[in-house]
Amino acid sequence: MSDETRFVYDVAHAVDPLGDLEQEAEKATKHNRAKVGSARPSSLLYTYGPGAIMDLPQFTIMPTGLDEWDRIWRRRDSAPPQIHAPRLRDVVRMMLRSPDVQLRPYPWQPKKHSRSAEGNDLGVPSRVFPQWLRCTGCDMLGLLAQFDYRNTHPFRTDLAVFEHAKCTGRAGAGTRKPMRRTAIPARYLLACVDGHLDEFPYDLWVHRGQPCSKAELPVLKMVDRTAGKGASAVIHCASCDMRRPMNEAQGEAGRAKLPQCRGRHPHLDAFEPKGCRNETRLMLVGASNLWFPATQSIIVMPESQEEKASDLADRVRTALGNKLAKYRDNLDLIRDLLGMDGGVDVTSLSDHDLEQVLQAASAPTDTPEQQEEKLRDWDPVDLLVPEWRYLLRDIVGTRVEDPKSGLTLATRNRGDALQPEITRVLAVERLRKVNALVGFTRIDDMDRVGDLPRRLAPLTRTPRPTWTVATEDRGEGIFLQLDENAVAAWEKRVLDTDLWKLHREAHRRNFERRFSDTAGQIDPDSRLKPPRYWLVHTLAHILIRELALTCGYSAASLSERLYAWPAAEGRDPAAGLLICTTASDSDGTLGGLVQLSESTRLQRVVSSALRKATRCSSDPICSKRTPQDPEDFLHGAACHCCVMASETSCERANRFLDRRFLLDLPGSDLGFFQAHE
């Protein structure tokens, strides 16, 4: 059974969606007033997380901030479950500037069958948003309270609907008997670059900022006859007969007519304490740039002794809290407290070892200044380095399995026909990937606004959250390592070419035009991926396309994890990739991808992928594509016909791709695999 997380909502000020269950039980009535839909954990993390807008069959909802989720967890006597991933947890703590953040799964419990009651007290609290609705029968535009809500079928959440109870139809259709008509969300919103979102003020808009001259509560209508052509609606005040089209709010000229941002975070039911002075932008409910998740993820690797000791100290500190300093010298009492309240097993530790753990747990946490310095110096590559190092370890025998992390690796012999630049092949028979949400942005994705912390919208009203939501995915994959000496020599050659200079200039233009307000103080080259990244990235994409033909998974379900960086202080160079498929609602995958790591099959896959990459149906346009001033695209000989992949597969939104770095194309001799084609 798929582990879909339920959405629940309440229109009251306090979002306690299941708070009326006791009253309903006393009345012996059977209603389904809370559950309105469900979604997979992966979609809740990457598409419909807190602050996003999710389409349900009849209306739209917004998952609330994590503060409201605590009410859901408190319905259980036991402590909320946690996801064990210390390496990721430490990075999340740094990014959220909170020393006690834990990783928790979505509030969900599996059911024995579709109609059983397990987990009915769990769900993601949500509120209806936007709360301006339009009647589909008479075009009446009103707030939520002006419509009736119906949701009475216990197993048909798609029937939950808001209705205009006394709709008489549109004017000119003759006298009609009042009847119930469905109301749908009015689709216009206001957003700003700092992550704020607000309802569109239709009453002020149609009256041009003034109150209605005829009525204190004017009757509004949204007349929309040509849906699907942008802001095509006209707002009509039936009380004073004023009209104003929504297309006046579009574009640069329309932005000047919109009100200033109020700093609203509707998912937190709060406003920015210091206000907001940004201009607002007109947005549609289904706009793709309305919500961009800011996430971090790791492939869980076996922990070193140092990591285990650090994690144990952290769990002791979290479990004991203030009791740690109070009973620091009483080891017997500490053992009892950890066993009873904390659930931390220290029975196997000697007094000396426990003393060391307590010493580490008692160490002072970083000051805010130290936290900011760490965050400023942190490189996302730091999350990948431990994975790369572990994947390069020698395997004793042909297979190694770590029960705690779930990682299972198997060696694969290189076939004689496999390109010699590929020096190592591993079958990743089992892996566990943990993904955590640290916030979200609007209008621009996190990659564009990483230098401005204020652009990252918070997940909680409290400045120091104690947890964030995370998912665990299990699956399989294939790991390939490239010859470092060959990559280094090739990269040195590429850096001196005109093609690379053009890519650098295009990246500089792209960075200055589209990045955050701090772009002027940052060297664009520090954000440009090195040539080896372009090489590994392009190779991963053509392999994903080829593997999807025979592995049994669609190309969209395969994803890349790239290890490509030059040598730096404390960091060895890397050139390799992991292509994997994971699922959050099962114990793993079916093994079709791993089977293709066998020598003869992998040889065919790689050879076929490289052969197909030499031709594109868009050639010669594609093969000769090079950015020229004023162009600022971040790819070369790559398009959707030959290399580009779906957004679920690519970690860089199809940036930093060029077939000319893989193979010799007409007019180019920079191919890494040129001698073997």
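Residues numbered from 1 in each chain as written. Predicted model: local features only at pLDDT ≥ 70, side-chain atom pairs only at ≥ 80, totals over all residues. Heavy atoms only, no water.

A.B. asks: Could you give an account of the overall build of the chain, naming the residues involved and the relevant values?
C.D. replies: Of the regular secondary structure elements, the chain holds 18 helices and 26 strands. Taken over the C-alpha trace, the chain has a radius of gyration of 28 Å; the compact-globule value for 677 residues is 26 Å, and the two agree within 12%. For the C-alpha atoms alone, the extent of the chain along its principal axes is close to 85 × 75 × 50 Å. Counting all 677 residues of the chain, 51% fall into the buried class. Across the chain, contacts joining residues at least 24 apart in sequence account for 71% of those joining residues at least 6 apart. The distance from the centre of the 94 positive side-chain charges to the centre of the 94 negative ones in the chain is 7 Å. (Helix = DSSP H or I, 4+ residues; strand = E, 2+ residues; numbered from the N terminus. Rg over C-alpha atoms; globule rule 2.2 N^0.38 Å. Buried < 20%, exposed > 50% of the residue type's maximum accessible area, 1.4 Å probe, protein only. Contact = heavy atoms within 4.5 Å. Lys, Arg positive; Asp, Glu negative; His and termini not counted. Charge placed at Lys NZ, Arg CZ, Asp CG, Glu CD.)

A.B. asks: Requested: an account of the packing of helix α16 (residues 531–550) against helix α18 (residues 599–613), with residues and values cited.
C.D. replies: When two helices pack together, their arrangement is given by the angle between the helix axes and the distance between those axes. Closest axis-to-axis distance for the α16/α18 pair is 9 Å, and the angle between their directions is 115°. The two elements α16 and α18 meet at a crossing, and its hand is right-handed. Contacts between α16 and α18 involve L539, I542, L543, E546, L547 and L549 from the former and V605, V606, S608, A609, L610, K612 and A613 from the latter. Considering only residue class, the contact of α16 with α18 consists of 10 nonpolar, 1 polar and 2 charged. (Axes fitted to C-alpha atoms, helices over the stretch in contact; angles between N-to-C directions. Left-handed = near helix turned anticlockwise from the far one by under 90°. Nonpolar A, V, L, I, M, F, W, Y, C, P; charged D, E, K, R; others polar.)

A.B. asks: Any details on the sheet that holds strand β13 (residues 197–199)? Residues and values, ideally.
C.D. replies: What the 3 strands build is an open sheet, ordered β13-β12-β19; its pairing is antiparallel. The sheet is open, and its two borders are formed by β13 and β19 (281–284), each paired with just one other strand. Shown here is a sheet whose adjacent strand axes are inclined to one another by a mean of 40°, direction ignored. Examined bridge by bridge, strand β12 (residues 188–191) and β19 share 4 bridges and lie antiparallel to one another. From the neighbouring strand, L190 faces β19, where its bridge partner is L282. (Pairing = 2+ DSSP bridges.)

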